[in-house]
Amino acid sequence: MSTDDIRDVEIRLLLEGIHRVYGYDFRDYAEASIKRRLCHWLAESPFDNFSMAQAHLLRERPLFEAMLGGITVNVTEMFRDPLFFKAVREHVVPFLKTYPFVKIWHAGCATGEEAYSMAILLHEEGLAGRYRMYATDINETVLQQAAEGVLPIADMQRYTRNYQKSGGKASFADYYTARYDRAILSAALRKDMVFAPHNLAVDAEFGEMHLVLCRNVMIYFKAPLKDRCLQLFDDSLLPGGFLCLGMKESLERHRPHERYAELAPGTRIYRKNYGRVD
Ligand SMILES: C[S@@+](CC[C@H](N)C(=O)[O-])C[C@H]1O[C@@H](n2cnc3c(N)ncnc32)[C@H](O)[C@@H]1O
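These numbers come from a predicted model, not from an experiment.

**Brief notes about the site of the ligand**
(1) Moving on: If you check the shell around the ligand, you find 22 residues, and the closest are Thr-72, Thr-76, Gly-108, Ala-110 and Leu-200.
(2) Moving on: Residues of the shell around the ligand, tallied by class, amount to nine nonpolar, nine polar and four charged.

**Some thoughts on the domain arrangement of the chain**
(1) Moving on: For the chain, the assigned domains read domain 1 (3-71) and domain 2 (82-211 + 221-238).
(2) Moving on: Taking the mean C-alpha position of each, domain 1 and domain 2 sit 30 Å from one another.
(3) Moving on: Of the residues assigned to the side of domain 1 that touches domain 2, the class counts are four nonpolar, two polar and two charged.

**What to know about the environment of Glu-113**
(1) Moving on: The residue Glu-113 is located in helix α6 (residues 113-124) in this model.
(2) Moving on: Distance from Glu-113 to His-123, taken between C-alpha atoms, is 15 Å for residues ten residues apart in sequence.
(3) Moving on: When residues no more than four places from it in sequence are discounted, the contact partners of Glu-113 are Thr-76, Glu-77 and Met-78.

**What about the pairing of strand β7 (residues 209-214)?**
(1) Moving on: Of all six residues in β7, six are buried; the element is thus mostly enclosed.
(2) Moving on: The sheet contact formed by β7 and strand β8 (residues 237-245) spans five bridges and is parallel. Across the sheet, the residue bridging to Cys-214 is Leu-245, located in β8.

**Regarding the environment of Met-218**
(1) Moving on: In this fold, Met-218 is placed in the loop between β7 and α10 (223-236).
(2) Moving on: Sequence separation between Met-218 and Arg-130 is 88 residues, and the spatial gap between their C-alpha atoms is 29 Å.
(3) Moving on: With near-sequence residues (within four places) excluded, Met-218 lies in contact with Lys-226, Cys-229 and Glu-249.

Calculation criteria
Residues numbered from 1 in each chain as written. Predicted model: local features only at pLDDT ≥ 70, side-chain atom pairs only at ≥ 80, totals over all residues. Near = placed C-beta within 6 Å. Nonpolar A, V, L, I, M, F, W, Y, C, P; charged D, E, K, R; others polar. Domains from an automatic or database assignment. Helix = DSSP H or I, 4+ residues; strand = E, 2+ residues; numbered from the N terminus. Contact = placed C-beta atoms within 7 Å. Buried ≥ 20, exposed ≤ 12 C-beta atoms within 10 Å, placed from the backbone. Pairing = 2+ DSSP bridges.

This is the structure we're talking about:
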């Protein structure tokens, strides 16, 4: 067996151990990506190989949590894929407005930019105070950052452009206060948001949602884990509700597909039909 083969065995054993000890299930993450991130973590760690690391990772929770922070991909931005947000504004918001109160779930929200973007959009569309937004992630460190709502000021120009392209109706600067090198997002946006830990690989659904967003998360998962997530979202969504995926993700070839129709090709916004749920 080559050193690489042994390393692959060690990684599999480690992921199995992490699942058993901490309940975090990375066994169905896309192999190349998780392997790359674990090897990067190992190279920066004091351990020579995964067998040595495993003894500590399975016994020392803080070490495991620090590693967790390094192996999830948390890249995000305000109004990421602006045309997606434009489509939400034009096609999903009119539906949301027909309800006295709406429930939204951002699964895999990272540092919260997607949820804050949605809050801005909902405020501009007159839905302030009429929604509850659940923003969840497996990684508690990014959730803490999300709850603080502080962004680097250097990103504001790019975010302003995204906001304008997404059909923003005001000035993006209305939503933050600049303080030295940071932009502090308005507390009013956070009022109806709940940030909470949730692991898509093992935790349960959120009931009676009108809108579920899970963008750029399942791209790191193998088919069985994708199927689990899509089933969770299907169980969470009310009939007529909307499921939004990332631009490189799609519902096709997965089981709940027959119950959904994409709003327009390429939007990655799927509407659940009102038919019988089996
Ligand atoms: C690339 S970010 C996507 C952020 C945002 N949705 C967006 O599109 O900009 C992927 C997020 O998924 C989270 N994630 C990875 N595995 C997860 C799991 N099993 N359950 C919940 N979140 C997970 C990561 O921690 C990370 O914050």
